[in-house]
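Residue-level structural notes
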Amino acid sequence: MDRIVQGMDIKEVLKTIRAADGYYITNTARDLSQSDFKNRILLHTDLMAAESREKANYFSLEITGGASVHVDILRKQVDPFLKLKLLREKMPHTMFQTLCRGVNLFGYRPYPQNVIRLTVREFAKYVDVWRVFDFMNHIPNMQAVFEEVQKAGKILEPCICFSTGPEHTDEFYVSKVGEILDVTGEDILLCIKNHGGLGTPKRIGELVASIKDKYPDIVIHYHGHNTDGNDIGRITAAVLNGADIVDAADHAFTGYFGPPPILSVIQTLSDYGKTAVGVDADAVIETSEVLRNERQHYEYFESQFKGFLPTVQIHKLPGGAMGSSFEQAVKGEFLDQMPEILHEELPKVQIELGNYWSVTPGSQILWTTAVNNVLGGERYGNCSGDLKNLLLGKYGPFPFYKPADWIYEKAFGPDWKKILEEEGGVEDIEDMDIEKERRTLTDRLGKEPTEQQLVTYLQHPNDAVEFFKFEEKFGKVYTLPPSIFLKRGGFILGEVLKFTDHNGKEHHLEIGPKQKQENGDTSVFLNVNHHQRTYTMAAEQVAGATQAVTLSKEEIEDLGKLGDMRAPFSANVCEVSVEAGQEVAVGDKLVILEAMKMQTPIIATIAGTVDKISVKIGDAMKPGDKLLKIAGADEDE
Amino acid sequence: MKKKILIANRGEIAIRIIRAVQELGNTAVAIYETPDSEALHIRIANEAVWIGDGPRSDYLSIEKVIKAAKEHDVDAIHPGYGFLAENPDFAKACEEAGIIFIGPSSEVIHNLGNKVIARQIMADAGIPMVPGTQNLSPGKDGENEALEFCAQYGYPVMLKATAGGGGRGIREVHSDAQLKEEYPQARSEAKAAFNDDSVYLEKMVINPKHVEVQVMADAEGTTIHLGTRDCSIQRRHQKLVEIAPSMIPDKALLDQICETAVKAAKASNYFNAGTVEFLVDKDKFYFMEINTRVQVEHTVTEMVTGIDIVRTQIKLAFGKKLSFSQDDIQIRGHAIEMRINAEDPQNNFMPEGGKTVTTYRSPGGYGVRLDGFVYQGFTIPEVYDSLLVKLTVHGYSWNETVDRLRRCLRNYIITGPKTTIPFYLNLVEDPDFQKGDFDTSFLETHKHLFEYKEDISEGSKLASLIAEIHHKELNPYAS
């Protein structure tokens, strides 16, 4: 029997793969196209495809992880656990796969050990294959997740992130594999993570051969992107040199920066006498027949920049960053400078910063630095906090060489050596008081959260609370097809919408007129299951009309010097670090604000006693809003 | 001649009265406070007068109501229930202003509103009453009087503030020791709360039925009754469900109660419509009080007798004699009224004011009567009571009536505020209710009535998102 099914343990899986004649395929549905598009595919669509995907007999379906946990709650408004549960019902045999950002899990910042443990434990109820990576290929950054996955009895798949350049030799990667095996033992799958789709087929073939040469029994899973249009070549080379599992996607959803089509992989390798073990090609085709019709509803989210991008070999920016980088360029009006940024500055920055792997969050650091360098006029004149952390080694040691001293000097000033000595290195993260978090969440929800809600909350606190409240109000919206959920421009009067809710009840909804009322509210009339209903939409706040007096940045700073701490920008409060009555010194952390996924501590600018706290966790702040007051220490002291 | 009648009330009862006024060919004048600017009663009335911003204070202002009545040259005022309805000063102000007050005289209202005077009148007339004392003497003497009373009648007893009302100023006492301890407290508390430290004792009747009798009396003193109602299903002295006639199987007892009610009304020189309330303890019954106004639950009596009580009230007020005799009154079948309130029964009947009614679909058909003031799109003012609509059903047999009620409750769709409907849906399924067997302890002894799932269906939740998408022209949560 060469079929691999959910529930098998790693030894059984390894034994089956080693004994099989041919290679296996993972359907990377989560990673479909590396633009906003992939983050929008609704569970409704995945459920439509579930039956034929199950029938196709893949090694695994990558359906969670990466940014998906976040976009599930932020964009699709679906519970990431419910998603897996519902898919599991329709796909009882196929293994589900996740992508885990090492110590950053599914977020953007390192998590404490106890949060990692809890998160892995909850997700392991649904997730079979755990692909784990670190953008610095720093094994200790992944070790906690390795241990938890193995403890949970799930299939661990550590990655070596791949890139190109003189340092990126076979010897280097083979030694990295050794480092991994030293901590995990031999019962793993090894992933070659080629997220940018870098290198030629020849290069990938050599790499696979070198690893197999040193570790003949190792099972290799090749993951690549088709950004340059050549991933089928790389996959072919990988399999011919001994890779056992490869990643590809449903052809109706491929194109532009995503994985290549599954069917093309099968057809190509078949000519080399290699069989995709167990894969039912008819089911692969059937899936795409289902998906093709759905794609139109996602059109708005497709990358505006169509076509293949062989220049990825120069700038190495993974597809994930491509869409957003162009979007940024359009908004920031520097589209004309993109060739310079991508093809000159970015390669230069990569080499200057140690030629590490351009993948989350490292790719964002490279991109931001290159943009700042070009637009700012002075190279490294304005170093982001993340770049400083990178330079300080907080993400792990540089793999090949450290950036030059002058970059450190630019970033930290003349005392850079002292700063590096005092603050450098990976920091230990203290365990979080999870029970305290549970209580906070209980307060915010007004009821006891489930364990899964708590885990979701620990990943993305504010967005999770927003989502839970959304679900309370609007129900399980995954049941709405994309033609409704992603509808732009409103519906047509008299349009009839039909859908089946989470409880299996069918609904018939007819769009009625909209009417603006005297007070500015709008009444929307809908015929819900043949009953007329009125929905009152509150009038939008007219800009300026009712706006409070806003304080300037200088005014906010001046107030801060008097102990009246105000929010310097629009943000949500994600931590209140002090209590009323507490003594604080200059430089003490008072409150942490979160905006655009970045956390910014608000620091005491005077010493004194915390007097009155005006905010609590989750509050939305506008610039100038009161945070707290510090009663200054007596001047005589 | 065409009369002009001002309705000194709001909500469903204002509409009920306006309808009767208009059916008689008269002109209905509504009054309203600012929060009621969108209320239905002012749309239905022939004229509407704004009397102030309120809330409540202007509906309760004798001066403002009389002023509005004078300015609009009205012939009579109907006070409805609540607000000024049982305020003798208001009836007196009408009398002094030469406006007919649709109800008894101010003197009758005053006498029956004062517990001690009312008890005295009833005692003199030989009306059975819960054994009780006069106002207790001050100090130690009062305590001794109390102990003596309890020795004779036994515990438990109720220690009541004479000036109290509406359930306030009442203490349950179970022993001599407790009586000694609480007696002085009750006095000082009554002083603080009602500026009158008079208190008296009453034997406590445990889990009685609340049975009341509708009476009508004309100016010549002809007094008849329209049979019984049972209002035992209450929460904290607030009636929820009322039926007519009472389901007590002992017909002789009910006849006796009705006769006693007429006797009580006559003893107090009663005029116009009123309700004599009794506590019924197995085969014993005790006079409680006379309500000198139209009751919320008058509809059930109307359904089983065919008598329009409000129409009759108006005619009597204008000096007409009763046009029917006691022998004309026939009780046909059964009627049940349920007060559909904007309240959350699961949250201690917390009012749901301030919410907008997004869907309003009411049942209809044979034997169904609705007295309400709510409409789709109406925002329930937070400052008044939470009664939305009274659902009254009438049927030939009790079973038929319950079946009709169940059908109506199931057909009712009100979204926006939470309502008492799901609670009532449980109630109609309860075997004791189906047998017509209930007393004032019903809610405490039938806790399962509160166990239901609030039906905010997935469909309506999803529809509200679709409304957002349609309004914003994209999904603001997925943009």
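Residues numbered from 1 in each chain as written. Chains lettered and ligands numbered in written order. Predicted model: local features only at pLDDT ≥ 70, side-chain atom pairs only at ≥ 80, totals over all residues.

Our focus in this paragraph is the overall build of chain B. The helix and strand tally for chain B stands at 16 helices and 20 strands. Counting the 479 residues in chain B, one finds 48% classified as buried. Contacts in chain B between residues at least 24 apart in sequence constitute 64% of all its contacts with a sequence separation of at least 6. (Helix = DSSP H or I, 4+ residues; strand = E, 2+ residues; numbered from the N terminus. Buried ≥ 20, exposed ≤ 12 C-beta atoms within 10 Å, placed from the backbone. Contact = placed C-beta atoms within 7 Å.)

The subject of this paragraph is the interface of chain B and chain A. In this assembly, 26 residues from chain B lie in contact with 39 residues from chain A. Elements with a minimum of two residues in the side of chain B that touches chain A: strand S17 (359-361), strand S20 (413-415) and helix H16 (458-472) of chain B. When residues in the side of chain B that touches chain A are grouped by element, the largest group, 13 residues, is from H16(B). Of the residues belonging to the side of chain B that touches chain A, the class tally is 10 nonpolar, 12 polar and 4 charged. (Nonpolar A, V, L, I, M, F, W, Y, C, P; charged D, E, K, R; others polar.)

What follows deals with the nonpolar core. Judged by nonpolar contacts, the single largest core of 154 residues is most densely connected at Ile25(A), Val145(A), Ala238(A), Ala243(A), Val246(A), Leu526(A) and Ile466(B). Ranked by residues supplied to this core, first place goes to H16(B) with 6 residues. Of all hydrophobic cores here, the second largest spans 115 residues; its members include Ile7(B), Met288(B), Phe373(B) and Val374(B). (Core = buried A, V, L, I, M, F, W, Y, C linked by C-beta atoms within 7 Å.)

Residues of chain B with pLDDT of at least 70 account for 99%, and the chain-wide mean is 93. Among the prediction metrics, the complex's ipTM stands at 0.78, with pTM recorded as 0.69. (pLDDT = per-residue confidence, 0-100.)

Looking now at the packing of helix H14 (residues 338-352) of chain A against helix H15 (residues 362-376) of chain A. When two helices pack together, their arrangement is given by the angle between the helix axes and the distance between those axes. All names here are of chain A. Remark: H14 packs on H15, axes separated minimally by 9 Å, with the N-to-C direction vectors making an angle of 115°. By the angle class used here, H14 and H15 are roughly perpendicular. Of the two elements, H14 crosses H15, and the hand of that crossing is right-handed. Of H15, the residues touching H14 (which contributes Glu-340, Ile-341, Glu-345, Leu-346, Val-349 and Gln-350) are Leu-366, Thr-369, Ala-370, Val-371, Asn-373 and Val-374. A class-by-class count of the residues in the contact of H14 with H15 yields 7 nonpolar, 3 polar and 2 charged. (Axes fitted to C-alpha atoms, helices over the stretch in contact; angles between N-to-C directions. Parallel < 35°, antiparallel > 145°, perpendicular 65-115°, else oblique. Left-handed = near helix turned anticlockwise from the far one by under 90°.)

Residue and element names in this part refer to chain B. Pairing geometry for strand S1 (residues 4-7) and strand S2 (residues 27-33), over 4 bridges, is parallel. Paired with Ile-7 across the bridge in S2 is Ala-30. Running through helix H1 (residues 11-23), the crossover from S1 to the neighbouring parallel element S2 is right-handed. Bridge count between S1 and strand S4 (residues 76-78): 3 bridges; the pairing is parallel. (Pairing = 2+ DSSP bridges. Right-handed = clockwise from strand over helix to strand, strands pointing away.)

Residues and elements named next belong to chain A. Taken in spatial order, the 4 strands of this open sheet run S13-S20-S18-S15, and their pairing is antiparallel. Each having just a single partner strand, strand S13 (564-566) and strand S15 (583-584) make up the two edges of the open sheet. In terms of strand pairing, S15 meets strand S18 (residues 608-613) through 2 bridges, oriented antiparallel. Across the sheet, Glu-583 pairs through a bridge with Thr-609, a residue of S18.

Attention shifts here to helix H10 (residues 262-271) of chain A. Residue and element names in this part refer to chain A. The set of residues buried in H10 consists of Ile-262, Val-265 and Leu-269. Each buried residue of H10 lies within a common arc of 60° when the element is viewed along its axis, so the set occupies one face. For H10, the elements touching its buried residues are strand S1 (24-27), helix H9 (231-240), strand S8 (245-248) and helix H11 (281-295). Among the residues trailing H10, Gly-273 stands out with phi positive, at a value near 80°. (Arc of directions from axis to C-beta.)

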